[in-house]
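Structure at a glance
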Amino acid sequence: MKTRVVITGAAGFIGSHLAEALLDRDYAVVGVDNLLTGSTANIAHLVNRDFTFIKHDVTNYLFIEGPIDYVLHWASPASPIDYLELPIQTLKVGALGTHKALGLAKEKRATFVLASTSEVYGDPLEHPQKETYWGNVNPVGPRGVYDEAKRFAEAITVAYHRFHGLDTKIVRIFNTYGPRMRINDGRAVPAFISQALRNEDVTVFGDGTQTRSFTYITDLVDGIIKLMLSSVNDPVNIGNPRETTIEEIARTIIRMTGAKSRIVYKPLPTDDPKVRQPDITRARTLLKWEPKVSLEEGLVKTIEYFRTKLA
Ligand code: NAD
Ligand code: UDP
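Thoughts on the overall build of the protein chain
- Broken down by element type, the protein chain carries 9 helices and 13 strands.
- Compactness check: the protein chain gives a C-alpha radius of gyration of 19 Å against a globular reference of 19 Å for 311 residues, within 12% of the reference.
- Seen through its C-alpha atoms, the protein chain measures out along the principal axes to roughly 55 × 45 × 40 Å.
- Counting all 311 residues of the protein chain, 56% fall into the buried class.

What follows is the structure, given as structure tokens:
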């Protein structure tokens, strides 16, 4: 019997890459998604493999026939534009959806893995961010719907671990980019690439001095699988520590696409974190993981993907 994995949010950007990587390693995969921000186009190429798709909203009762070894809970709007437009769905999938996915894992005695986020650190007062940092989050600001949903999701995951003895893992994902991001999902990398490829103005929010640390999708997936197979239950940051300002990434993308675009400055969204960089000592020591793909290499592949989409 193959190891069987359920992935919620499998039709999304990260979920679809994760499904593909697990199929490549000879796992059987069941993908669950309500297509809120995802698309069947992301998983269409998996139909002839050991992949089953169930269209379902995971905030509702979730039952799947047969044995399950892992439940990977990836469902949630993830781009700031998406979760600002979908505040209730974001809170519901982080809270009710995580509860249902944990319930499924408990029923099947499966290992549970939560897609958490660097957003649990909010606008961080510690830099770089270690997993021991508790964060600086505004619960009633516009980003609170996402940040607090993920903080609740972490809390209920740990409660299932402590109270029910469930084997649980929490991956704190830092800004990840790559093929299959939606052109108009509003996140910096797809926004800048699509603007540059159309020779439109590139919209930098604020003065562009805020920083992020961008991780290429294959590095992230590698880290998630290492954590899933490990005995680690504490949260683990998975992200590339190479920190860049948003202005620097905008300029890099304009240069790499050969665009004639200018940078225009727009107002900084409320509570936009000023800095973000993972401390990956835990991932390095416990998982023997570190990123391999440089920003330039990752951007070459991502630009190539967006070129075909915009052609
Ligand atoms: P995405 O929007 O591409 O994927 C999310 C998927 O979840 C979509 O396919 C969507 O349809 C599905 N979904 C949403 N609500 C659902 C529900 N109620 N029931 C079933 N399916 C539902 O986003 P992504 O970038 O692939 O992010 C995936 C996960 O990773 C999210 O949990 C996100 O919080 C986390 N994450 C992503 C990043 C990043 O940089 N991409 C960073 C930190 C955390
Ligand atoms: N950003 C920007 N222009 C855009 C989209 C985003 O300057 O068109 C900025 C945003 O304000 C933030 C950074 O880029 O400072 C990363 O934004 P993203 O939405 O990718 O992810 P976040 O880290 O904010 O969740």
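We are not done yet, so read on.
A word on the confidence of the model for the protein chain
- Confidence in the prediction for the protein chain averages 97 pLDDT; 100% of positions are at 70 or higher.
- Within the protein chain, the lowest mean pLDDT, 93, falls on helix α2 (residues 80-85), and the highest, 99, falls on strand β5 (residues 111-117).

A word on the nonpolar core
- With 61 residues, the main nonpolar core has Ile 7, Leu 18, Leu 22, Leu 72, Trp 74 and Phe 192 as its most contacted residues.
- Here Phe 192 is in contact with Val 202, Thr 203, Val 204, Ile 246, Ile 249, Ala 250 and Ile 253, once residues within four sequence places are set aside.
- Counting 22 residues, the second largest nonpolar core, distinct from the first, contains Val 6, Ile 64, Leu 102 and Tyr 160.

Topic: the sheet that holds strand β4 (residues 70-73)
- Sheet architecture is open: 7 strands sit in the order β3-β2-β1-β4-β5-β6-β11, paired in parallel fashion. Each edge of the open sheet is held by one strand with a lone partner, namely β3 (51-55) and β11 (236-238). The sheet shows a mean angle of 20 degrees between the axes of neighbouring strands, direction not considered.
- Where β5 and strand β6 (residues 168-173) come together, 6 bridges link them in parallel fashion. Bridging across to β6, Phe 112 finds its partner in Thr 168.
- In the packing of helix α1 (residues 13-24) onto the sheet, the strands contacted are β1 (4-8), β2 (28-33), β3, β4 and β6, and the crossing angle to β1 comes to about 170 degrees.
- Packed onto the sheet, helix α3 (residues 87-108) meets β1, β4, β5 and β6 and runs at close to 175 degrees relative to β4.

Quick look at helix α5 (residues 188-197)
- Across the 10 residues of α5, 8 count as buried, placing the element largely inside the fold.
- Looking at α5, one finds that the buried residues are Val 189, Pro 190, Ala 191, Phe 192, Ile 193, Ser 194, Gln 195 and Ala 196.
- Looking at the buried residues of α5, the elements they touch are β7 (176-177), β8 (202-205), α7 (246-257) and α9 (295-310).
- Phi turns positive one or two residues past the end of α5, at Asn 199, with a value near 55 degrees.

About the cut-offs
- The written sequence of each chain sets the order in which its residues are numbered from 1.
- Note on labels: chains are lettered from A, ligands numbered from 1, in written order.
- The predicted origin of the model limits local features to residues at a pLDDT of at least 70 and limits the giving and counting of side-chain atom pairs to 80 or more, whereas totals for whole chains, interfaces and linings rest on all residues.
- Just so you know, side-chain values use all the structure's heavy atoms and leave hydrogens and water out.
- The secondary structure listing takes helices from DSSP runs of H or I that are at least 4 residues long and strands from runs of E that are at least 2 residues long, numbered from the N terminus.
- For the radius of gyration, the atoms used are the C-alpha atoms, and the globule rule reads 2.2 Å times the number of residues raised to 0.38.
- Exposure categories follow from relative accessible area, calculated using a 1.4 Å probe and restricted to protein chains: below 20% of the type maximum is buried, above 50% is exposed, and the middle band is partly exposed.
- Residue-level confidence of the predictor, termed pLDDT, takes values from 0 up to 100.
- To form a nonpolar core, buried Ala, Val, Leu, Ile, Met, Phe, Trp, Tyr and Cys residues must be joined to one another through side-chain atoms within 4.5 Å.
- Contact definition: two residues touch when any of their heavy atoms are within 4.5 Å.
- For two strands to be treated as a pair, DSSP must find no fewer than two bridges joining them.
- Simply put, an axis is a line fit to the C-alpha atoms, just over the touching stretch for a helix, and the angle between two N-to-C directions goes from 0 to 180 degrees.

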